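Here is how the chains run, residue by residue.
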Amino acid sequence: MITVASLAPYLGGALVLGGIAVAVSRRRELLIRWCAWAVGVPLITAAFWWGRPGAAVVALAAGVVAALEFGALLRLTRTDRAVLAAAVAGVILAAWLEPGQLLRVAAAGALAMAAVPLLSGDADDGLRRLGSGLLGLAWLSVLAALPSLGATALALFVAVSAADIVAYFAGQRLGGPHLSPLSPAKRWSGTLAGAAAGIGVLAVLSALSWPMAVAVAVGGPAGDLLESMIKRGARVKDSGSWLAGAGGLLDRIDSLLGALAILLVLS
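A few points about the overall build of the protein chain
Then step 1. When helices and strands are counted, the protein chain shows eleven helices and zero strands.
Then step 2. Listed N to C, the secondary structure of the protein chain is α-α-α-α-α-α-α-α-α-α-α in terms of helices and strands.
Then step 3. What you see for the protein chain is a C-alpha radius of gyration of 19 Å, in line with the 18 Å of a compact globule of 267 residues.
Then step 4. On the principal axes, the C-alpha backbone points of the protein chain span a range of 55 × 40 × 30 Å.
Then step 5. Considering only residue pairs separated by 6 or more positions, the protein chain has 69% of its internal contacts joining residues 24 or more positions apart.
Then step 6. Summed over its atoms, the accessible surface of the protein chain is roughly 13,400 Å², and 70% of this surface lies on carbon and sulfur atoms.
Then step 7. Positive and negative side-chain charges in the protein chain, numbering 19 and 13 respectively, have mean positions lying 7 Å apart.

Spelled out as structure tokens, the structure:
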């Protein structure tokens, strides 16, 4: 059984090795990104060590911030963003505290998203606002799985992150066909190399199963492409600018969201 205690040495070792590699490279942008990881990883690990309450706090914080970033990307009104954030938070709380009421809470959130443009009488942009809000609710609500998955979710995040890093550098070195017009920098060679690396990380962490492997190999890239589609439609490079070296939170968890969705379907 995977535990946070069994994962902690690997996370600490990865941070140390990453710090050495960054110091050798002497690249300022990598140093900034590593510093963000050096702060974030211990905090998230400590939260998961706390158990379901800690994982729920992480899911709530990530869900609300991601919902606000998503709403800004899609140019939703402030009311739309607030309702979306509240709906995502409600789904996460229901999954943690009252799993039997999960579908009811999700339906209530969807109706609340519909009510905002309906009550404002927005005939010109209401349909787009509603569709965007429902997409955000469906996409971000997968974070509700974090409390129940526990250390498994942490292992999935580590594997997906490793896959992303390997895919980026391998794609640059190996070249070859592009993965999708949605993300011109990504190539099939890098995606396959990243998938192999991510599955290897799962094996090292004793978290390898066929649903986890598919989640990393397929769900991770799919989540990344979904956010790329949204950002290209919004004509922006990053979902935000507050997270040092990484843009916004959505830019960091897009692959995890896709992987979680696949894992929930297969499990």
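From this point, things continue past the structure.
What about the environment of leucine 263?
Then step 1. Topologically, leucine 263 is positioned in helix H11 (residues 249–266).
Then step 2. Apart from the residues within four sequence positions on either side, leucine 263 is in contact with Leu149, Leu156, Pro211, Met212 and Ala215.

Here's the deal with the nonpolar core
Then step 1. Phe70, Leu140, Leu143, Leu156, Leu250 and Leu257 are the most contacted members of the largest nonpolar core, which totals 58 residues.
Then step 2. Looking at this core, the elements with two or more residues in it are helix H1 (4–25), helix H2 (28–49), helix H3 (52–73), helix H4 (78–97), helix H6 (126–140), helix H8 (151–174), helix H10 (210–234) and H11.
Then step 3. Among the elements that make up this core, the one with the highest residue count is H8 (nine residues).
Then step 4. Leave out the neighbours within four places in its chain, and phenylalanine 70 touches Leu84, Ser132, Leu135, Gly136, Trp139, Leu140, Ile230 and Leu250.

Topic: H8
Then step 1. The end-to-end C-alpha distance of H8 is 34 Å, a good match for the 34 Å that 24 residues give at a rise of 1.5 Å each.
Then step 2. Of the positions making up H8, those classed as buried are Ala151, Ala153, Leu154, Ala155, Leu156, Phe157, Ala159, Val160, Ser161, Ala163, Ala170 and Gly171.
Then step 3. Immediately downstream of H8, the backbone of glycine 175 shows phi near 70°, a positive value.

Observations regarding the packing of H3 against H11
To describe two helices that pack against each other, one gives the angle between their axes and the distance between the axes.
Then step 1. It is at 10 Å that the axes of H3 and H11 come closest, and there the two elements cross at 110°. As judged from the angle between their axes, H3 and H11 are roughly perpendicular. Of H11, the residues touching H3 (which contributes Ala62, Val65, Ala66, Glu69, Phe70 and Leu73) are Leu249, Leu250 and Ile253.

As for the environment of leucine 43
Then step 1. When you line up the elements, leucine 43 lands in helix H2.
Then step 2. In the structure, leucine 43 is positioned 149 residues away from leucine 192 in sequence and 31 Å away in space, judged by C-alpha atoms.

The rules we used
- Residues numbered from 1 in each chain as written.
- Predicted model: local features only at pLDDT ≥ 70, side-chain atom pairs only at ≥ 80, totals over all residues.
- Heavy atoms only, no water.
- Helix = DSSP H or I, 4+ residues; strand = E, 2+ residues; numbered from the N terminus.
- Rg over C-alpha atoms; globule rule 2.2 N^0.38 Å.
- Contact = heavy atoms within 4.5 Å.
- Areas by Shrake-Rupley, 256 points an atom, 1.4 Å probe, with all protein chains shown as cover.
- Lys, Arg positive; Asp, Glu negative; His and termini not counted.
- Charge placed at Lys NZ, Arg CZ, Asp CG, Glu CD.
- Core = buried A, V, L, I, M, F, W, Y, C linked by side-chain atoms within 4.5 Å.
- Buried < 20%, exposed > 50% of the residue type's maximum accessible area, 1.4 Å probe, protein only.
- Expected span 1.5 Å × (residues − 1).
- Axes fitted to C-alpha atoms, helices over the stretch in contact; angles between N-to-C directions.
- Parallel < 35°, antiparallel > 145°, perpendicular 65-115°, else oblique.

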